[in-house]
Amino acid sequence: MESFSYEALPTRVVFGFDTLSQLPEQLARLSVNRALVLSTCQQQAEAARIKDIIGPRAVGLFAGAVMHTPIEVTEAALVVARELNADAVIAVGGGSTTGLGKAIALRTDLLQIVIPTTYAGSEMTPILGESSGGIKTTQKSPKILPELVIYDVNLTYTLPPELSAASGMNAIAHAVEALYARDTNPIISLMAEDAIGKLARALPGIKDSPQNRAARFDALYGAWLSGVCLGSVGMALHHKLCHVLGGAFDLPHAETHAIVLPHAVAYNSPAAADAMARVARALNADDAAIGLYELASRLGIRRSLNAVGMPENGVDRATDLAMQNQYWNPRSIDKESIHDLIAAAWAGDPPRIPI
Ligand code: NAD
């Protein structure tokens, strides 16, 4: 690398245990007086608790966030935000709720606060994926980036162990692809390697004991760094495949990442030796792809796309979709290899390291 550029993301971050108690003063700092709190219906109680904490600075609650940010849901939330004359949105939840907050902020310029409760990392990115009529499109804009993110480790204890594991692997995927991104830089690589190491050590601890304080802290910290990686540099084959698979077969987002990652890494390993060495070092493994596969196995994550609902005849369709629209990847993409990769992920085979 002879030169590089690095652009810091301007979001203010508050991180730690019980940081939610700082929400009122943080809202005052931003002059927020009429916040609309957002959540999924599963996390409505959490959203109601946040509304109570901020008292008169909250004007309402919309608990309709769902996966893939459907435009219809955004429109329904916009009606509520306008009726209540909201001046900010506060999203409490995972990537689905964060997506709704981003979609509203993009259309209204309302201040955006995110309180993440999974490891998806969306809160750190200026990227929004939205779905309409079964088609998901992605866009990038500085308007999408939240003004404030409050990470409260206490809110992650309720994230079920299976979802914690898959969501943590989703975060690792952001950091892995950041290490071989075309526009990567030394600062992001530092964050990426630290994120992989923190998550790889913390996730087994969470599986064994979901209330493990130190493991929950490290996993959320790693997820924050991974989110910065995702928001700062371009992703490649792995994210493209997961986007295609999730959209075409309505597969669970985080698990799809966990299943595909070792295969995508094996595919890219001959073309990204430095990145693979850093991934392996962070995992304390001999090989990056095998290390990731073994970590996912240790976490008890389902191994195959078959097990999460993808039909076998979907392998051909996914290959065709993955070959559409050119995108950058460290190793060139050919149809036969991508078909083999998806077929191996469908079957749950160990990753095949090219010789
Ligand atoms: P999610 O937000 O859909 O959450 C999954 C389920 O877990 C939901 O029912 C949620 O309410 C519940 N949940 C979340 N946190 C919980 C907690 N602490 N305790 C109990 N239940 C909890 O899942 P996700 O994987 O975080 O997000 C996936 C979505 O985020 C996808 O649509 C994906 O495309 C998007 N995403 C976007 C970006 C981006 O940069 N734009 C990045 C990553 C993910």
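Details of the structure are given in the entry above.
Draft legend 1. Looking closely at the overall build of the protein chain. Within the protein chain one finds 13 helices and 8 strands. Relative to the compact-globule value of 20 Å for 355 residues, the protein chain shows a C-alpha radius of gyration of 20 Å, a close match. Considering only C-alpha atoms, the protein chain reaches an extent of 65 × 45 × 40 Å along its principal axes. Across the 355 residues that make up the protein chain, the buried fraction comes to 56%. Here the analysis covers contacts within the protein chain between residues at least 6 apart in sequence; of these, 76% occur between residues at least 24 apart. When the accessible surface of the protein chain is totalled, it reaches about 14700 Å², and 51% of it is carbon and sulfur. With 28 positive and 35 negative side-chain charges, the protein chain shows a spacing of 4 Å between the two charge centroids.

Draft legend 2. Here's a closer look at the sheet that holds strand β2 (residues 35-38). Spatial strand order, β1-β8-β5-β4-β2-β3: 6 strands in an open sheet with parallel pairing. With partners counted over all chains shown, the strands left at the sheet margins are β1 (12-16) and β3 (58-62), one partner each. Here the strands of the sheet are splayed against their neighbours by 15° on average, with no regard to which way each runs. The pairing of strand β5 (residues 111-116) with strand β8 (residues 148-152) spans 2 bridges and is classified as parallel. When the sheet's bridge partners are listed, Val114 is paired in β8 with Val149. Of the strands in this sheet, β2 and β3 are in contact with helix α3 (residues 71-83), which crosses β3 at around 160°.

Draft legend 3. Structural view of the side chain of Ser337. Turning to its location among the elements, Ser337 is positioned in helix α13 (residues 335-347). Setting aside chain neighbours within four positions, we find Ser337 in contact with Tyr267 and Arg331.

Draft legend 4. Just the site of the ligand, in detail. What surrounds the ligand is a group of 22 residues, the closest being Thr40, Ser96, Thr117, Thr118 and Thr125. Between His68 and the ligand, the recorded distance is 3.3 Å, taken from a backbone N or O atom to an oxygen atom. Note that an oxygen atom of the ligand is positioned 2.6 Å from one of the side-chain N or O atoms of Ser96. Burial of the ligand by the protein chains amounts to 85% of its free accessible area of 870 Å². With 3 residues, helix α4 (residues 95-108) is the single largest residue contributor to the shell around the ligand.

Draft legend 5. Quick look at a nonpolar patch on the surface. Among the surface-exposed residues, Phe4, Tyr6 and Ile187 lie close enough to one another that they form a single nonpolar patch of about 270 Å² accessible area. Looking at the element boundaries, Ile187 is found in helix α6 (residues 186-208).

Draft legend 6. Highlighting the nonpolar core. Residues Tyr119, Met169, Ile172, Val176, Ile196 and Leu292 are the most contacted members of the largest nonpolar core, which totals 56 residues. Of all the secondary-structure elements, those providing two or more residues to this core are β8, α5 (161-179), α6, α7 (213-232), α9 (253-268), α10 (273-283) and α11 (288-298). It is α6 that provides the largest number of residues to this core, a total of 10 residues. Core analysis: the next-biggest nonpolar cluster, separate from the first, contains 22 residues, Leu241, Leu251, Val260 and Ala318 among them.

Draft legend 7. Main features of the packing of helix α8 (residues 237-249) against α13. Contact pair α8 / α13: the axes reach a minimum separation of 13 Å and the direction vectors enclose 65°. As α8 runs across α13, the sense of the crossing is right-handed. Where α8 approaches α13, its residues Leu237, Leu241 and Leu245 are matched on the opposing element by Ile338, Leu341 and Ile342. Residues belonging to the contact of α8 with α13 are distributed by class as follows: 6 nonpolar, no polar and no charged.

Draft legend 8. Main features of α3. Taking 1.5 Å per residue as the helical rise, α3 with its 13 residues ought to reach 18 Å, and the 18 Å between its terminal C-alpha atoms agrees with that figure. Listed in full, the buried residues belonging to α3 are Val73, Thr74, Ala77, Leu78 and Ala81. Buried residues of α3 fall within an arc of 140° about the axis and therefore sit on the same side. Among the exposed residues of α3, those oriented more than 90 degrees off its buried face are Arg82 and Glu83. Buried positions along α3 lie against β2, β3, α4 and β6 (127-132).

Scoring rules and cut-offs
Residues numbered from 1 in each chain as written. Predicted model: local features only at pLDDT ≥ 70, side-chain atom pairs only at ≥ 80, totals over all residues. Heavy atoms only, no water. Helix = DSSP H or I, 4+ residues; strand = E, 2+ residues; numbered from the N terminus. Rg over C-alpha atoms; globule rule 2.2 N^0.38 Å. Buried < 20%, exposed > 50% of the residue type's maximum accessible area, 1.4 Å probe, protein only. Contact = heavy atoms within 4.5 Å. Areas by Shrake-Rupley, 256 points an atom, 1.4 Å probe, with all protein chains shown as cover. Lys, Arg positive; Asp, Glu negative; His and termini not counted. Charge placed at Lys NZ, Arg CZ, Asp CG, Glu CD. Pairing = 2+ DSSP bridges. Axes fitted to C-alpha atoms, helices over the stretch in contact; angles between N-to-C directions. Near = heavy atom within 4 Å. Polar contact = N/O pair within 3.5 Å; in protein donor to acceptor, adjacent residues only side chain to side chain. Patch = residues over 30% accessible without salt bridge, like charges linked within 9 Å, V, L, I, M, F, W, Y side chains within 5 Å. Salt bridge = Lys/Arg side-chain N within 4 Å of Asp/Glu carboxyl O. Core = buried A, V, L, I, M, F, W, Y, C linked by side-chain atoms within 4.5 Å. Left-handed = near helix turned anticlockwise from the far one by under 90°. Nonpolar A, V, L, I, M, F, W, Y, C, P; charged D, E, K, R; others polar. Expected span 1.5 Å × (residues − 1). Arc of directions from axis to C-beta.

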